[in-house]
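Structure assessment
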Amino acid sequence: MNWDDIKIFLEVARSERLSQAAKRLALDPSTISRRLHKLEEQLATQLFERTQDGHILTSDGERLLASARRMEQDASYALDDIKHNNAQNSGCVRIGVTEAFGNFFIAPNLLPMQQQFPNIQIDLLHFSRYVKISRNEADIAIAVERPNSTSMIVSKLCDYTLQLYAHPDYLNRHNETVTLDNLAGHNWVSYVDNLLFTEQLSYLKELNADLLPGFRSTSVISQYSAIKSGLGIGILPCFLAAQDPSLVKLCTGDIKVVRSFWLVTHPEIKRLSRVNSVWHYLKQLVTEHQGLLMPQD
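Per an unreviewed UniProt entry, the protein is named LysR family transcriptional regulator, and its organism is Thalassomonas actiniarum.

Here it is as C-alpha cells:
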C-alpha cells in the first residue's frame with residue numbers, strides 16, 4: 001500500500017472536502033479523487049460516502065482512519081526526534097480555540113511565552129466547532145465543553161463569566177434603564193440558535209424571558225461589533241467586553257453567566273516538551289489574568 005495514498009486519505013477524512021484537501025496537499029482535486037478510488041479498489045471496499053456536503057467516512061473508512069492515524073503519529077514522533085535531535089522546547093504547537101478567546105485572550109498574551117521559549121512557534125487555529133484532536137487538527141484544543149473521550153488528556157483550564165453589555169448610543173436612544181422586567185422590550189444581539197455547535201452558547205435560555213434577537217450571528221466577534229455600534233444589547237464574555245471602555249455592563253447584580261474552558265490533547269502529543277510547555281503556560285496565563293476572566297464587580 002502506498003503511504004502517499006494514506007496521506008491523501010487522512011487529509012480528505014479531516015477536511016471532508018476534496019477542494020480543501022487539494023489545497024493542503026498542493027494537488028489537483030481530480031488527482032486526489034483518482035487516488036482515493038485506487039485505494040478503495042486495492043482494499044475492495046468503499047471508504048467514503050460521496051454526498052453534496054462532502055466526503056463522509058464509511059464504517060470501513062473509520063476503521064482505516066484509526067490505523068492510519070497511529071501510523072502518522074508514529075512517523076511524526078520519530079521524525080520529530082531525529083529532526084530536533086531530542087532538543088527541548090523546539091518546533092510548532094497548534095492551538096485550536098474559539099475566535100473570541102483566541103483573539104482577545106491568547107494572542108495578546110503570547111509575548112512572554114515567546115521570550116521564555118524562543119524556539120517554539122505557535123499556530124493559533126480558530127474553530128467554531130469541536131476541535132478533532134484525534135484527527136490531528138491541533139496539538140492542544142481549548143474546548144467550551146468537557147469532552148467525553150477517555151483516550152485524551154482533559155484538564156479544566158478556567159471558568160469565565162459573561163455579562164450583558166450595551167453601547168451608550170443604544171441606551172441614550174431608548175431612554176430607560178435596562179432591567180430584568182423589560183428585557184423583552186429591547187433589541188437583542190445573539191447567536192443563531194439552530195446553528196450552535198454546543199448548548200453552552202445558548203445564553204438567552206438562562207434569562208427566562210421571551211427574547212427575540214433583532215440581529216443574530218454565528219460569530220461572537222460580529223455580535224461584539226454589532227453591540228459596539230449601538231445595534232442592540234447582548235451577552236459577551238467579560239475577557240472580551242471588559243477591555244472595551246465604550247461598552248456598559250448592565251444588570252450586574254441580576255445577570256451573570258458562568259462557563260468553562262477545557263484543555264485537551266493526546267497523551268503521546270503531550271509527551272513532546274514543546275506541547276507540554278505550552279500546556280503549562282496556558283495554565284499559568286489564566287491564573288495571572290483571573291481578574292479579567294472572572295471580574296468581581
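**Examining the overall build of the protein**
Counting its secondary structure elements, the protein contains twelve helices and eleven strands. When the backbone C-alpha atoms are referred to their principal axes, the protein occupies close to 70 × 45 × 30 Å. Evaluated residue by residue, the protein yields a buried proportion of 48% over its 297 residues. Sequence-distant contacts in the protein: of pairs separated by 6 or more residues, those separated by 24 or more amount to 75%. Accessible area for the protein stands at about 15,100 Å²; split by element, carbon and sulfur atoms hold 48% of it. One finds the centroid of the 30 positive side-chain charges in the protein at a distance of 4 Å from the centroid of its 33 negative side-chain charges.

**Comments concerning the packing of aromatic side chains**
By the definition in use, this model includes ten aromatic pairs. Between Phe101 and Phe239 the ring centres are 5.2 Å apart and the planes differ by 75°, which places this aromatic pair in the edge-to-face class. With a gap of 138 residues between them, Phe101 in helix 5 (residues 99-106) and Phe239 in helix 9 (residues 238-241) connect regions that are remote in the sequence. Like Phe239, Phe101 is buried. Seen in terms of ring centroids, Phe105 and Phe239 are 6.5 Å apart; in terms of plane orientation they differ by 65°. Their pairing is edge-to-face. With Phe105 in helix 5 and Phe239 in helix 9, this residue pair connects regions lying 134 residues apart in the sequence. Both residues of the pair, Phe105 and Phe239, belong to the buried class. Here the aromatic residues Phe101, Phe105, Tyr160, Phe239 and Phe261 are joined through ring pairs into a cluster of three or more.

**With respect to the packing of helix 2 (residues 18-25) against helix 3 (residues 29-43)**
Between helix 2 and helix 3, the shortest axis-to-axis distance is 9 Å and the interhelical angle comes to 105°. Considered as vectors, helix 2 and helix 3 are oriented roughly perpendicular to each other. Across the interface between the two elements, Leu18, Ala21, Ala22 and Leu25 of helix 2 pack against Pro29, Ile32, Ser33 and Leu36 of helix 3. Looking at the contact of helix 2 with helix 3 residue by residue, the classes come out as seven nonpolar, one polar and no charged.

**Concerning the nonpolar core**
Phe101, Ile142 and Leu164 are the most contacted members of the largest nonpolar core, which has 62 residues in total. When near neighbours in sequence (up to four residues on either side) are disregarded, Ile142 contacts Ile95, Gly96, Val97, Thr98, Phe101, Ile106, Leu157, Phe261, Trp262, Leu263 and Leu282. Leu36, Leu39, Phe48 and Leu65 belong to the second-largest nonpolar core, a separate cluster that totals 18 residues.

**Examining unusual backbone geometry**
At Glu16, a residue that is not glycine, the phi angle is positive and equals roughly 65°. Tracing the sequence through the fold places Glu16 in the loop between helix 1 (3-15) and helix 2. For Asn89, which is not glycine, the phi torsion reads 55° and is therefore positive. By the secondary structure assignment, Asn89 is in the loop between helix 4 (59-84) and strand 3 (91-97). Since its relative accessible area comes to 19%, Asn89 is described here as buried.

**Focus: the pattern of salt bridges**
Enumeration over the complete set of coordinates arrives at ten salt bridges. Residue Arg24 is joined to Glu11 by a salt bridge in which the shortest nitrogen-to-oxygen separation is 2.9 Å. Within this pair, whereas Arg24 is found in helix 2, its partner Glu11 is found in helix 1, the two being separated by 13 residues in sequence. For Arg63, the salt bridge is made with Asp60, and the minimal N-O distance between the two is 3.5 Å. Of the two residues, Arg63 and Asp60 both sit in helix 4, three residues apart, roughly one turn of that helix. What makes Asp60 partly exposed here is its relative accessible area of 28%.

**A closer look at the state of the cysteines**
Applying the stated criterion across every chain yields a total of zero disulfides. With no disulfide partner, Cys238 has as its closest neighbouring cysteine sulfur the one in Cys158, 12 Å distant. The exposure class of Cys238 is buried, given its relative accessible area of 0%. Lacking any disulfide linkage, Cys251 is separated from the closest cysteine sulfur, that of Cys238, by 13 Å.

The rules behind each value
- Sequence positions are assigned chain by chain, starting from 1 and proceeding in written order.
- Local features in this predicted model are restricted to residues of pLDDT 70 or higher, and side-chain atom pairs are both shown and tallied only at a pLDDT of 80 or more, whereas totals for entire chains, interfaces and linings draw on every residue.
- Hydrogens and waters are ignored; side-chain quantities use all the structure's heavy atoms.
- Think of it this way: any DSSP run of H or I at least four residues long counts as a helix, any run of E at least two long counts as a strand, and we number them from the N terminus.
- With a 1.4 Å probe rolled over the protein chains alone, any residue whose accessible area is under 20% of its type maximum counts as buried; one over 50% counts as exposed, and the rest are partly exposed.
- What makes two residues a contact is simply this: any of their non-hydrogen atoms within 4.5 Å.
- Accessibility throughout is a Shrake-Rupley quantity obtained with a 1.4 Å probe, and a residue counts as covered only by protein chains that appear here.
- For the purpose of charge, His is not counted, nor are the chain termini; Lys and Arg are scored as positive and Asp and Glu as negative.
- By convention, the point assigned to a charge is CZ for Arg, NZ for Lys, CD for Glu and CG for Asp.
- When the centres of two rings from Phe, Tyr and Trp lie within 6.5 Å, Trp using its six-membered ring, the rings pair. Their planes under 30 degrees apart give stacked, over 60 give edge-to-face, and anything left gives tilted.
- Axis definition: a line fitted to C-alpha atoms, limited for helices to the stretch in contact. Angles are taken between N-to-C directions and run from 0 to 180 degrees.
- Here the word oblique covers every angle except those under 35 degrees (roughly parallel), over 145 (roughly antiparallel) and from 65 to 115 (roughly perpendicular).
- Amino acid classes used here: Ala, Val, Leu, Ile, Met, Phe, Trp, Tyr, Cys and Pro are nonpolar; Asp, Glu, Lys and Arg are charged; the rest, including Gly, are polar.
- For the purposes of this section, nonpolar cores are sets of buried Ala, Val, Leu, Ile, Met, Phe, Trp, Tyr and Cys residues that join through side-chain atoms within 4.5 Å.
- Should a side-chain nitrogen of Lys or Arg be within 4 Å of a carboxyl oxygen of Asp or Glu, the pair is scored as a salt bridge.
- Cysteine sulfur atoms are paired as a disulfide whenever they come within 2.5 Å of each other.

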